Amino acid sequence: MPGRTMTRYLVTGGAGFIGSHVVDGLLARGDSVTALDTLSTGQLSNLEIARTFPNFRFVHGSVLDELMVDELVHQCDVVIHMAAAVGVKLVVEQPLKSLTTNIRGSQVVIEAAHRYRRKILVTSTSEIYGKNSSGPLDEAADRILGSPSVVRWAYSTAKAVDEILAGCYHRERGLPTIVVRLFNTVGPRQSHAYGMVIPRLVRQALRNEPVTVFGDGRQTRCFAHVADVVDALLRLLDESAAIGQTFNIGSAQEISIRRLAETIKSRCESESPIKLVPYDEAYGAGFEDMQRRVPETGKLRALTGWAPRHSLDDVLSDAIAQAKRDLEKHPELVSP
């Protein structure tokens with residue numbers, strides 16, 4: 001970008017699915033990037049492109065390491081905080097670890113950003129809205145949660161604490177913060193391992209395994225391509241009027257999970273049967289879900305001009321192509 005000054009970014013969770021795409025996007029436009037990641041769910045292979053850039057550095061470490069975070073934040077101009085425990089399956093199976101990472105990790109990073117007066121973008125989640133199934137949901141929509149004993153709502157609450165921390169530091173300490181709530185994001189590098197629905201269904205279809213739909217399949221979701229999400233993030237980072245605000249990022253193309261499974265089965269030319277799995281069997285007793293989750297992104301569009309450029313067909317094409325590549329690398333996984 002002619003006339004643009006190089007900015008030094010720290011991306012926590014930079015080897016993760018979305019984080020690595022953010023890293024690539026920043027490097028492609030000429031910025032300098034340090035990626036911090038524990039590699040617990042992120043992968044070095046996600047950074048193959050990034051590692052070809054001289055202005056990229058990878059640091060293996062945790063956002064819970066206060067001294068390391070302090071040093072890295074001191075060396076950067078802007079922080080993009082993406083390190084988090086993500087995926088319903090991971091959160092349900094490891095609730096304590098998830099809470100620690102999502103609350104204490106964010107506190108460490110936000111405090112360091114304040115110490116050195118660095119702008120920080122904090123990534124939150126559509127889980128913030130809990131069981132609110134009205135829609136489309138705008139940024140001021142109510143949070144409707146179940147009992148604190150239900151682990152899923154503990155995750156929602158943890159991410160709400162992150163948002164509240166960012167908001168308090170902005171209002172009371174003048175820290176330049178931006179909060180984004182990411183709805184379902186899909187694309188290359190996304191793993192099937194943590195309950196992410198499209199990679200899981202595609203993998204099952206390609207292996208001619210039962211395509212498992214949790215609940216009755218009538219629940220609806222919207223799936224955004226990671227390239228569109230990164231585009232939105234970069235636009236917000238470049239927009240001074242975004243400071244102190246919260247933005248939804250996601251697609252408004254709604255589909256039921258049953259219909260999604262049928263579409264994936266057809267696109268994969270699969271012989272897989274579609275199998276309905278009760279939530280209790282998939283996640284354990286007491287699991288709760290929401291019937292509908294659709295983002296209202298008018299606020300983002302009005303400020304930045306952003307609009308998604310990829311359709312659900314594009315999302316599925318990329319997901320299927322990646323799953324085929326993965327199965328070609330590991331042919332032993334093709335048959336159940």
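Numbering of residues starts from 1 in each chain and follows the order in which that chain's sequence is written. Given that the model is predicted, a residue must reach a pLDDT of at least 70 before its local features are reported, and side-chain atom pairs must reach 80 or more before they are shown or counted; all residues, however, enter totals for whole chains, interfaces and linings. Only hydrogens and water are set aside when side-chain values are computed; all heavy atoms of the structure are taken into account.

## Let's talk about the overall build of the protein
Selection rule: Numbering of helices and strands runs from the N terminus; a helix is a DSSP stretch of H or I covering at least four residues, while a strand is a stretch of E covering at least two. For a compact globule the rule gives 2.2 Å times the number of residues to the power 0.38, and the radius of gyration it is set against comes from C-alpha atoms. Exposure classes here rest on a 1.4 Å probe applied to the protein chains alone. A residue is buried below 20% of its type maximum, exposed above 50%, and partly exposed in between. Exposure was quantified through the Shrake-Rupley algorithm and a 1.4 Å probe, taking into account, for residues, occlusion by the shown protein chains and nothing else.
Each helix and strand in the protein was counted, giving eleven helices and 13 strands. Taken against the 2.2 N^0.38 rule, which gives 20 Å for 336 residues, the C-alpha radius of gyration of the protein at 19 Å falls within 12% of a compact globule. Overall size of the protein, expressed as C-alpha extent along the three principal axes, is 55 × 45 × 35 Å. Burial statistics for the protein: of 336 residues in total, 53% are counted as buried. Summing over all exposed atoms, the protein offers an accessible surface of approximately 14,400 Å²; the carbon and sulfur share of this is 52%.

## Examining the pattern of salt bridges
The test is simple: Definition used for salt bridges: Asp or Glu carboxyl oxygen within 4 Å of a side-chain nitrogen of Lys or Arg.
If you walk through the whole model with that rule in mind, you get 17 salt bridges. Arg207 is the salt-bridge partner of Glu209, the closest N and O atoms lying 3.3 Å from each other. As far as the burial class goes, Glu209 and Arg207 line up, both buried. Several salt bridges share partner residues, and in doing so they unite Arg29, Asp31 and Asp238 into one network.

## Here we look at the environment of Gly135
Take Gly135: it is sitting in the loop between strand 5 (119-125) and helix 5 (151-173). On the basis of relative accessibility, which here comes to 32%, the residue Gly135 falls in the partly exposed class. Residues Gly135 and Gly305, spaced 170 residues apart in sequence, show a C-alpha to C-alpha distance of 22 Å.

## Here's the deal with helix 4 (residues 95-115)
How we decide: The length a helix should cover is 1.5 Å for every residue beyond the first.
Its 21 residues give helix 4 an end-to-end C-alpha distance of 30 Å, which sits within 8% of 30 Å, the value for a rise of 1.5 Å per residue. The set of residues buried in helix 4 consists of Ser98, Thr101, Asn102, Gly105, Ser106, Val108, Val109, Ile110, Ala112 and Ala113.

## Let's talk about the side chain of Asp31
Put simply, the rule reads: Two N or O atoms form a polar contact when they lie within 3.5 Å of each other; inside protein one atom must be a possible hydrogen donor and the other a possible acceptor, and for residues adjacent in sequence the pair counts only when both atoms belong to side chains.
Residue position: Asp31 is located in the loop between helix 1 (17-28) and strand 2 (32-37). A distance of 2.9 Å separates the side chain of Asp31 from the backbone nitrogen of Thr7, its partner in a polar contact.

## Focus: the nonpolar core
Definition in use: We call a set of buried Ala, Val, Leu, Ile, Met, Phe, Trp, Tyr and Cys residues a nonpolar core when their side-chain atoms join them within 4.5 Å.
Membership of the largest hydrophobic core comes to 35 residues, with the highest contact counts inside it found for Val23, Ile80 and Ile249. Going through the elements one at a time, strand 1 (8-12), helix 1, strand 2, strand 4 (78-81), strand 6 (177-182), helix 7 (226-237) and strand 11 (245-249) are the ones with two or more residues in this core. With eight residues, the top contributor of residues to this core is helix 7. Val197, Leu260, Ala261 and Ala319 belong to the second largest nonpolar core, which has 23 residues in total.

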